[in-house]
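# Chains, contacts and geometry: an overview
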Amino acid sequence: MALALATVSNSYAEVKSDFIKPVIRGPQSDESVYFIMTDRFENGDTSNDYGGTDKSMSVSGYVPEDIGWWHGGDFKGITKRLDYIKSMGFTSLWITPPVVQRSVQGNSSAYHGYWGIDFTTVDPHLGSEADFKELVTQAHKLNMKVIIDVVVNHTADVIYYDNSGRPQVSAAEANIKKPEWLNLISNYHNLGNNPRIGNSVLDGDFYGLDDLETENPKVISGWIDVWSNWITKFDIDGMRIDTFKHVNPEFWKAFVPKMQAAAIAAGKKDFPIFGEASDTDAQSLSTYVAGGEVPSVLDFDFQKQVKSFVQFGVSAEALAELFNRDDLYTTSTTNAYGLATFLGNHDMGRIGYFLSKAVAVGESETLLERAKLANAALFLLRGGPVLYYGDEKGMTGTGGDKK
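Residues numbered from 1 in each chain as written. Predicted model: local features only at pLDDT ≥ 70, side-chain atom pairs only at ≥ 80, totals over all residues. Heavy atoms only, no water.

Residue Lys178 is joined to Pro179 through a cis peptide bond whose omega torsion reads 0°. By the secondary structure assignment, Pro179 is in the loop between β10 (167-168) and α6 (200-203). In this structure, Asn143 takes a positive phi of about 65° despite not being glycine. With respect to the element layout, Asn143 can be found in the loop between α5 (129-141) and β7 (145-150). Classification of Asn143 as exposed rests on a relative accessible area of 64%. Positive phi values are uncommon outside glycine, yet Asp235 reaches one of about 65°. Among the secondary structure elements, Asp235 is positioned in the loop between α7 (217-234) and β12 (238-241). (Helix = DSSP H or I, 4+ residues; strand = E, 2+ residues; numbered from the N terminus. Buried < 20%, exposed > 50% of the residue type's maximum accessible area, 1.4 Å probe, protein only.)

Here it is in structure tokens:
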């Protein structure tokens, strides 16, 4: 009998060794990310507040007393607070797009970073290239990654349409974008906000912003060159990709592997890339990961379920169902552990804002306890947590990206 048991035991050990492997852990799975809107964090250098010598509102966009305009936060301000960020246990920081902006559009400015015109360098409102490199260098000394926000779906709104609907660019703005290929109208879809032809999600302008023809080989190779250069020139450590679902899947299957290869060539074996697809339905959200477009996405399903649980105290059953959907993200190289989880952001508002709407005025202790519960869920459940700057202080704001 003992011999038989020994035989079974040895066979089990062999099976276990051959067929049972550790769970795959993607680059984002072991990150704890502090998300900063650079212009709103800290003004470390007042000399760059206007982004140049022209201090007029229409050119500089610097109006610190108005929440819709530039406020003066910069790279030096973040560098100054790296020890603070590190002390909270964060392993990386994600900053809003650092590229040069069309500083003013309509009745607002590009403080948020999503109106890019020159994708080869940093916006002067945020500092110099040397300032950005110093931020990265100092972060690395603390063993922290610097993840940048990447936009490939669109550029600033420069193209307009004449009375016959033909795309046009004014003479003054005909060559304001860099690299040069971004100035060619033929590299854009030019269908407007609500196109009658094509796919409105993939081909239409995003809130009027010039929508690039990302199925065009010139655009694909152009973006690969641009963002590979940010890895080699500025030594960045990861990418959060904006408006992910507004770009055709074929682009990502060409682009993402090139970014990973560029990172490896730069000596970065662990390079987080996560897409922003604003969708709370895990059935569709998971397709970007399971379909091989990107290693990770921001987990909007997680945000919805955790927020509802801590905000209104709804049944824990819905929260449990969140994890029952995790298999949707499982492939040979990905799973739900690699998702970027969060409670609030610059688009929807802070978790404190949502909680304050569910608590009566004066019930500060209740609000605090719910905030603690929300953050406990964020940091203790599966996924790589992303905290929006200021949430650690209990900031609430008013929703959206301005506070």
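We now examine the packing of aromatic side chains. Counted according to the given criterion, the structure contains 26 aromatic pairs. Relative to Trp252, the ring of Phe244 lies with its centre 4.3 Å away and its plane at 10°, an arrangement referred to as stacked. One exposure class covers both Phe244 and Trp252, and it is buried. One aromatic cluster is present, formed by Tyr34, Phe35, Phe41, Phe90, Trp94, Phe274, Phe379, Tyr388 and Tyr389 through successive ring pairs. One cation-aromatic arrangement involves Lys307 over Phe354; the distance from NZ or CZ to the ring centre is 4.7 Å. The ring centre of Tyr389 lies 4.8 Å from the NZ or CZ of Arg350, which sits over that ring. (Phe/Tyr/Trp six-rings, centres within 6.5 Å; stacked < 30°, edge-to-face > 60°. Lys NZ or Arg CZ within 6 Å of the ring centre and 35° of its normal.)

Neither face of strand β2 (residues 92-95) is left uncovered, since the one carrying Ser92 and Trp94 and the one carrying Leu93 and Ile95 both have all their residues buried. As paired strands, strand β1 (residues 33-36) and β2 are joined by 4 bridges and run parallel to one another. If you follow Ile36 over to β2, its bridge partner there is Ile95. (Pairing = 2+ DSSP bridges.)

Taking 1.5 Å of rise per residue, 18 residues should cover 26 Å, and α7 covers 25 Å from first to last C-alpha, within 8% of that figure. Burial in α7 covers these residues: Val219, Ile220, Gly222, Trp223, Ile224, Val226, Trp227, Ser228, Trp230, Ile231 and Phe234. With a side-chain oxygen lying 2.8 Å from the backbone nitrogen of Lys218, the N-terminal cap of α7 falls on Asn216. In the stretch just after α7, Asp235 is the one whose phi turns positive, near 65°. (Expected span 1.5 Å × (residues − 1). Polar contact = N/O pair within 3.5 Å; in protein donor to acceptor, adjacent residues only side chain to side chain.)

Counting 96 residues, the largest nonpolar core has Phe132, Trp223, Trp227, Trp230 and Phe255 as its most contacted members. Among the elements that take part in this core, α7 stands out by supplying 9 residues, more than any other. Dropping the residues within four chain positions of it, Trp227 is found in contact with Val99, Phe119, Ile148, Val150, Val151, Val152, Met239, Phe255 and Met259. (Core = buried A, V, L, I, M, F, W, Y, C linked by side-chain atoms within 4.5 Å. Contact = heavy atoms within 4.5 Å.)

Moving on to the sheet that holds strand β16 (residues 384-388). In spatial order, the strands read β14-β13-β12-β7-β2-β1-β16-β15; together these 8 strands make up an open sheet with parallel pairing. The strands lining the two open edges of the sheet, one partner per strand, are β14 (296-297) and β15 (340-342). Note that β7 and β12 share 4 bridges and pair parallel. Bridge assignment links Ile148 to a residue of β12, and that residue is Met239.

The next point concerns the pattern of salt bridges. Tallying each qualifying case throughout the model produces 20 salt bridges. Across the pair Arg166 and Asp162 runs a salt bridge whose closest N-O atoms are separated by 3.1 Å. The exposed category is assigned to Arg166, whose relative accessible area is 53%. With a shortest N-O distance of 3.0 Å, Asp391 and Arg350 are connected by a salt bridge. Remark: Arg350 occurs in the loop between β15 and α13 (351-356) and Asp391 occurs in the segment after β16; sequence separation between them is 41 residues. Relative accessible area serves as the criterion here: at 0%, Arg350 is assigned to the buried category. (Salt bridge = Lys/Arg side-chain N within 4 Å of Asp/Glu carboxyl O.)

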